[in-house]
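Examination of the molecular architecture
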Amino acid sequence: MNLSKIFNTAILVLSLTWSINGVSQETEDNNNETFQEITPKKGLRLGLYVGSYFANQYTASIYDGYGFDIDGNKNTWDNSLMNQKINMEYGGYGFAGQPDLIAQELKIDYHTWTFNSSDMPLNMRYSPSFSVGLNCIYSVDVKNAILLNVNLAKLNIGGNFTIITPQQSGSSQINDRIKTFAIKGVEQRMMFQFGYQRILGDNEKVNFFVEGGLHVTVTKFDKNEILINNLKIDLTTYYNQVAYSSALLVRKPIGTGLGVFAGFGTNLTINPKFTLQLLYSPTYERVNIGINPRLKLQNAIGLRAYYNF
């Protein structure tokens, strides 16, 4: 789904509506009467939401390849997901005679590369993501309403780590030994909002609105993987053979955090049955996974389409 096309269409509709309103000026009394007629005075509206979600970077570091033990504590370097996977399982350091798949992928000699704690990623960041949801609103009267929203977002996290390889033949550049590879994470968030919305103004078609209330976020650590050239390694699956120097069992964090949300935007009444809302919605919430979760500001911008029952 192309969100920019949706926004462009909404902006075009808004522009045309303003033009029509400018040509067909009515008196303030007539506008108020029309507003009362076309806007739902009371009842349920059910809507769909699509938007962009911009996550705070505070929790991105939990995808840095260390992982968490069965008790939810961050692993030490020795027990880290990346050390266990790169060095022990794929690198051939688990037991004598084990193949070195890392060297094979890098096309270098057996055990001529190194990976240690100084090569771990430090720059994990969330990318902007899509968000979709089911939004319900119950109009108490023509301007006041109660909100109940459920929105979903799937977030991608990215960063880089390094492996030190042998000096290339004929090269005098020390940096040639440092090879950079990608580490990725995937996180799922389900967000519940319960609050209040107020329409501002009496225009028959277009008005501003504000809203706010309680925000609940259920967050799930979904995936964590690395890519060494064409070798994809899932960090969250563990081998469980006695011959390996295995780490503790993996625990994928999941948690529920509380916060508050706000929002403001433009309310466009298409007809008595359909309403569009273009909004910006900041939230101040605790994403309750990882170590020491804190209240942080998140941001979203999106489009709602309501059907008025």
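Just above sits the structure.
Residues numbered from 1 in each chain as written. Predicted model: local features only at pLDDT ≥ 70, side-chain atom pairs only at ≥ 80, totals over all residues. Heavy atoms only, no water.

A few words now on the overall build of the chain. Helices and strands together make up the secondary structure of the chain, namely four helices and ten strands. Order of helices (α) and strands (β) in the chain, N terminus to C terminus: α-α-β-α-α-β-β-β-β-β-β-β-β-β. For the chain, the proportion of its 309 residues judged to be buried stands at 45%. Nonlocal contacts in the chain, meaning residues at least 24 apart in sequence, comprise 71% of its contacts between residues at least 6 apart. Total accessible area on the chain is roughly 15600 Å²; 58% of this is exposed by carbon and sulfur atoms. (Helix = DSSP H or I, 4+ residues; strand = E, 2+ residues; numbered from the N terminus. Buried < 20%, exposed > 50% of the residue type's maximum accessible area, 1.4 Å probe, protein only. Contact = heavy atoms within 4.5 Å. Areas by Shrake-Rupley, 256 points an atom, 1.4 Å probe, with all protein chains shown as cover.)

On inspection of all chains with the given rule, the structure shows five salt bridges. Residues Lys 85 and Glu 89 are paired through a salt bridge, measuring 2.9 Å at the closest nitrogen-oxygen approach. In this pair, Lys 85 and Glu 89 are both assigned in helix 3 (residues 81–90), four residues apart and thus about one turn of the helix distant. Glu 89 carries the same exposure label as Lys 85, and that label is buried. A salt bridge links Arg 304 to Glu 211; the nearest nitrogen and oxygen atoms lie 2.8 Å apart. Taken together, the residues Arg 304 in strand 10 (residues 295–308) and Glu 211 in strand 6 (residues 206–228) connect sequence positions 93 residues apart. By relative accessible area, which is 2% here, Arg 304 ends up buried. (Salt bridge = Lys/Arg side-chain N within 4 Å of Asp/Glu carboxyl O.)

By size, the foremost hydrophobic cluster in this structure holds 40 residues, and its most contacted members are Met 82, Ile 102, Phe 161, Ile 163, Ile 226 and Ile 228. Among the elements that make up this core, the one with the highest residue count is strand 4 (residues 144–164) (five residues). Among residues more than four places away in sequence, those in contact with Ile 228 are Ile 102, Glu 105, Leu 106, Phe 161, Ile 163, Phe 181 and Ile 233. Membership of the second largest hydrophobic core comes to five residues, among which are Ala 145, Leu 147, Phe 261 and Tyr 306. (Core = buried A, V, L, I, M, F, W, Y, C linked by side-chain atoms within 4.5 Å.)

Moving on to empty space enclosed by the protein. Following the criterion strictly, the structure yields five cavities of 30 Å³ or more and no others. Its volume calculated, the largest cavity comes out at about 140 Å³. As for the largest cavity, its lining consists of 16 residues, and the residues nearest its centre are Tyr 49, Asn 151, Gln 193, Ser 281 and Ala 300. Those elements giving two or more residues to the lining of the largest cavity turn out to be strand 1 (43–54), strand 3 (129–139), strand 5 (178–200), strand 6, strand 9 (274–286) and strand 10. Here the lining of the largest cavity is composed, by residue class, of five nonpolar, nine polar and two charged. (1 Å grid on protein atoms, 1.4 Å probe; cavity = no way out; pocket = protein on both sides within 12 Å on 5 of 7 lines; lining within 4 Å. Points joined across faces, edges and corners; volume = space filled by probe spheres on them. Nonpolar A, V, L, I, M, F, W, Y, C, P; charged D, E, K, R; others polar.)

In this section: the side chain of Thr 162. Secondary-structure assignment places Thr 162 in strand 4. Separated by 2.7 Å, the side chains of Thr 162 and Asp 119 make a polar contact. Not counting residues within four places of it along the chain, the set of residues in contact with Thr 162 comprises Phe 115, Asp 119, Ile 178, Lys 179 and Thr 180. (Polar contact = N/O pair within 3.5 Å; in protein donor to acceptor, adjacent residues only side chain to side chain.)

For the rest of this paragraph, the subject is helix 3. Taken across its ten residues, helix 3 has ten buried, putting it largely inside the fold. Along helix 3, the residues classified as buried are Leu 81, Met 82, Asn 83, Gln 84, Lys 85, Ile 86, Asn 87, Met 88, Glu 89 and Tyr 90. Elements that come into contact with the buried residues of helix 3 comprise helix 4 (101–106), strand 4, strand 5, strand 6 and strand 7 (231–234). Positive backbone phi, approximately 85°, marks Gly 92, located one or two places after helix 3.

Distances and angles like these do not, on their own, reveal function.
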